[in-house]
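Commentary on secondary and tertiary structure
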Amino acid sequence: MESPVQQAMPVVRTLDQFDRRSGNLLERLVFNHRLWLVLLCTALTLLFAQQAFTKLTLNASFEKMLPQSHPYIQNYLQNKAGLRGLGNALRVVVENPKGDIFDAGYLETLKQINDELFLTPGVDRAWMKSMWTPSVRWNEVTEDGYTGGPVMPDSYDGSARSVEQLRLNIARAGIVGRLVANDFKSALIFVPLLDKDPATGQAIDYSALSAAIDATVARHATSAHPVRIHVIGFARLVGELLAGMQQVLAYFGVAALVAAAVIFAYTRCVRSTLLVVACSLVAVIWQLGIVAMLGYVLDPFSILVPFLVFAIGVSHGAQKMNGIMQDVGRGIHQLVAARYTFRRLFLAGLTALLADAVGFAVLMVIDIPVIRDLALTASIGVAVLIFTNLMLLPVLLSYLGVSQAAAERSMQLDRKADAGRGLGKLWLLLDRFTERRWAVVALTVAVLLAAGGLAASFRLQIGDLDPGAPELRADSRYNQDNAYITRNYSLSSDQFAVMVKTAPEGCLKYETLVAADRLAWELRQIPGVQTTVSLADAVRRVTAGAAEGNAKWLTLSRNQDVLNYGAQQASTSNPDLFDRACSLMPVIAYLADHKAGTLEQVVAGAAAFAREHGSGERQFLLAAGSAGIEAATNIVVRQANRTMLLWVYGAVVLLCFVTFRSWRAVLVAVLPLALTSILCEALMVALGMGVKVATLPVIALGVGIGVDYALYLLSVQLAQQRAGVPLAEAYRHAVQFTGKVVALVGVTLAAGVVCWAASPIKFQADMGILLTFMFVLNMVGALVLIPALSHFLLRNVRSIPCAD
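Remember, predicted model here, so these are calculated numbers, not experimental data.

With that out of the way, let us pick up the packing of aromatic side chains. Under the criterion given, the structure shown has seven aromatic pairs. Measuring from ring centre to ring centre gives 5.6 Å for Trp132 and Tyr156, while their planes differ by 85°; the resulting arrangement is edge-to-face. With Trp132 in the loop between α5 (104-118) and β2 (137-142) and Tyr156 in the loop between β3 (145-150) and α6 (160-173), the pair connects residues that are 24 residues apart, well separated along the chain. Since its relative accessible area comes to 17%, Tyr156 is described here as buried. Judged by centre distance (5.5 Å) and plane angle (90°), the ring pair of Phe433 and Trp438 falls under edge-to-face. The ring of Tyr399 carries Arg34 above its face, with NZ or CZ at 4.1 Å from the centroid. The positively charged end of Lys111 is found above the aromatic ring belonging to Trp132, 5.9 Å away from the centroid.

Structure (structure tokens):
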């Protein structure tokens, strides 16, 4: 039996029975000029493919990972030139696997590695440090006064005598735990990096830099004096991420094959399956081509966008294909079937894509350029889906249609479903949720889940919860290197620096040094702070040394000449303790880890000291160093978390109201999404994930994409109800027409992202798990909670005015 909506679109078996002037202006424009639309899309596809394959590159940027407008980051960027040791740098540890560092063969290999790194493009050579650089010096007080020199003796020749002299110089220099391992089995080379290659003026190519390091590691692992090399730092991390991205790209092919297999299993129609997949791939090509034309690159975050664009395209394409297949099964000509489906589903599809775009666009509120780039590139991808999957796909299906056998099979399945057989058993089960008893049970379970999830979500933390680089897996090469360095060196790579800003030469004033010393003492009292380093420490040691090492002089003198002498001596071996104008000096705290709780305590202590002791003469500016940058990022993420959710839900509510013109229908559509969001946060707590740059976009994407299910289901259901059909029958028809494809879409979307879980990049794996959870739960929520909520809110639609 045909529904009233189907009766309004009669069976038209031949084109001479169809009025080409029927339908709205957009429908006539699209279908009355089909060939021109196909030719235009073909030309654009060729253009964008050329741009994507010739101009698009994989890379990442250190500064794009920073929340640019946060005061801490602005302080760091404004004073970056005077903080060479606290920016983007590599720490290269060379280990002797067969002995200690006091081996002539090992030392020669260390020298070769040092020289290779020194000549690597992009290295800030003036600030490089190792046993082989002349800036690393020792000082000693003798009866003749102060004496000193480079740690590596000028007369070093590899003899036993010169090696012994080196051993003595290392002890004098106090670099054990910093540049030399505590067990003397390895030495560290500190390699600061520039933002741009001075030879080319281009941004540093981290992929090429990482490849050069890999070549060095491989070459010296099999040399005459083999060594093990451990490397950490942002550039190395990005190199690992870029290598992982190449593997992730292979997953795209897997996702496409899985999506094609799922759709074919549903339709048993090769041509329509290929068309749906092809149009979704065309959308990806358009998106990548436009991104390349705008001058963007693919980074570890935006590399995931093509997966989402493809999955969203397949989901919308499946809806269009299903509508056309059902109409063809009724005996309607394939062109007319395409136009009927366009009429019924274009507005719902457009609204759903706008909701998807909103889910991406709200990420713009996150003040981190890499996330804003992701939002922009993803919004571009969703925009092109309007053309490729809402317009081009129906047009192509109007030419090629679906196989008659597949259409007849679809109708047979529908007849079985009407008779309560096959999938009809599942549809009958879902229909029961329109009844009061079943609706009450479903909503009670949903409320209990929401309450439990909400209680768990209160334990959700901001920031990283694991040691090492959370972007990579615990067993990754980078995290293994980081663990080795943490075990064998006293100072961690997690540095939190407070910048003391004064007038020129002001950092040498007694009052400034005392204030910096008090700040260092305050920081050392905070749990998680290993130690601190500042100019005040160095001046104190030099002052005591000048007094024959007398401990009574291990203090800051009020005599300015003594302070000047101490700073001058300290600068020879530690030039990064203050800038050239002596108007900026960092107080550096070395942290045991960069977990959210540790950073919050350090920030609170440093900020309180800055408020109390800052003055016109000296300012205490937060924050620099890797931990300082991460602390600022956590603050931005915390602020953006709820703001982003408010924006995305507000936009989705508005779009749903424009589509349904009923606040009751809006509640029916949005409440299942809210439940999924709450349970997603509870899942993050259970899996030990914090809210950070990588996981922050997930809930917004889950809401923006998850509302698609409700838009398709409710559009058909409300159209039936407004035509006079009772709720149970209207929902049954909605499920038969779009609901089974909702289930198909849920599986297809999940298949598109679940393969991320195997990614070597940890945050991509986390995003894959969370998005798969949200896509599947949104699907189940739509099929179960929409009829349950409709029983209480949409039972008598005809009696409800359009705008309520």
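Don't stop here, the text continues.
Moving on, we get to the confidence of the model for the protein. Counting all residues, the mean pLDDT for the protein is 83, and 94% of those residues have values of 70 or more. Here residues 800-804 is modelled with pLDDT under 50, and outside its nearest four sequence neighbours on either side it reaches 12 contacts, counting other chains as well.

Let us look at the packing of helix α21 (residues 625-660) against helix α23 (residues 696-722). The N-to-C vectors of α21 and α23 enclose an angle of 15°; their axes lie 10 Å apart at closest approach. By the angle between their directions, the pair α21 and α23 is classed as roughly parallel. As α21 runs across α23, the sense of the crossing is right-handed. Here Val637, Ala640, Asn641, Met644, Leu645, Val648, Tyr649, Val652, Cys656, Thr659 and Phe660 of α21 lie close against α23, whose contacting residues are Leu696, Ile699, Ala700, Val703, Val707, Ala710, Leu711, Leu714, Ser715, Leu718 and Arg722. Among the residues making up the contact of α21 with α23, the classes are represented as 18 nonpolar, three polar and one charged.

This brings us to the environment of Ala570. Counting through the fold element by element, Ala570 comes out in helix α19 (residues 560-573). Considered as a pair, Ala570 and Val93 are 477 residues apart in the sequence and their alpha carbons are 25 Å apart. Ignoring any residue separated from it by four or fewer positions in sequence, one finds Ala570 in contact with Leu535, Ala538, Val542 and Leu577.

Attention shifts here to helix α18 (residues 535-546). Its 12 residues place the ends of α18 16 Å apart at the C-alpha level, agreeing with the 16 Å of an ideal helix rising 1.5 Å per residue. Of all 12 residues that make up α18, 10 are buried, and the element is covered over most of its length. Taken residue by residue, α18 has Leu535, Ala536, Asp537, Ala538, Val539, Arg540, Val542, Thr543, Ala544 and Gly545 as its buried positions.

Here we take up the sheet that holds strand β1 (residues 89-95). Here we have three strands laid out as an open sheet, ordered β4-β1-β5, and antiparallel in their pairing. At either end of the open sheet lies a strand with only one pairing partner, and these are β4 (186-192) and β5 (228-233). Across the sheet, the mean angle separating the axes of adjacent strands is 20° when strand polarity is ignored. In this structure, β1 lies alongside β4, joined through seven bridges in antiparallel fashion. Looking at the pairing, Ala89 lines up with Pro192 of β4. Together, β1, β4 and β5 form the strand contacts of α5, whose direction differs from that of β4 by roughly 10°. Where helix α7 (residues 206-221) meets the sheet, its contacts fall on β1 and β5, and the angle it forms with β5 comes to roughly 160°.

What counts and what doesn't
For every chain, the first residue of the written sequence is number 1, and numbering continues from 1 onward in sequence order. Given that the model is predicted, a residue must reach a pLDDT of at least 70 before its local features are reported, and side-chain atom pairs must reach 80 or more before they are shown or counted; all residues, however, enter totals for whole chains, interfaces and linings. To get the side-chain values, all heavy atoms of the structure are used, and hydrogens and water are removed first. Working definition: a ring pair exists when centres of Phe, Tyr or Trp rings (six-membered ring for Trp) sit within 6.5 Å. Plane angles under 30 degrees give stacked, over 60 give edge-to-face, the rest tilted. Secondary structure elements follow DSSP: runs of H or I of four or more residues count as helices, runs of E of two or more count as strands, with numbering from the N terminus. For each residue, the accessible area found with a 1.4 Å probe, counting protein chains only, is set against the maximum for its type, and the residue is called buried under 20%, exposed over 50%, and partly exposed in between. When the NZ atom of lysine or the CZ atom of arginine is within 6 Å of a ring's centre and also within 35 degrees of its normal, the charge is said to sit over that ring. For every residue, the predictor reports its confidence as pLDDT, a number between 0 and 100. We call two residues in contact when some of their heavy atoms are within 4.5 Å. The convention used is that axes are lines fitted to C-alpha atoms, helices contributing only their stretch in contact, and that angles between N-to-C directions extend from 0 to 180 degrees. For classification purposes, an angle smaller than 35 degrees is called roughly parallel, one larger than 145 roughly antiparallel, one from 65 to 115 roughly perpendicular, and anything else oblique. What makes a crossing left-handed is the near helix being turned counterclockwise from the far one by less than a right angle; a clockwise turn instead makes it right-handed. Any residue outside Ala, Val, Leu, Ile, Met, Phe, Trp, Tyr, Cys, Pro, Asp, Glu, Lys and Arg is labelled polar, Gly included; the first ten of those are nonpolar and the last four are charged. To estimate how far a helix should extend, the number of its residues minus one is multiplied by 1.5 Å. Pairing between strands requires that DSSP locate at least two bridges from one strand to the other.

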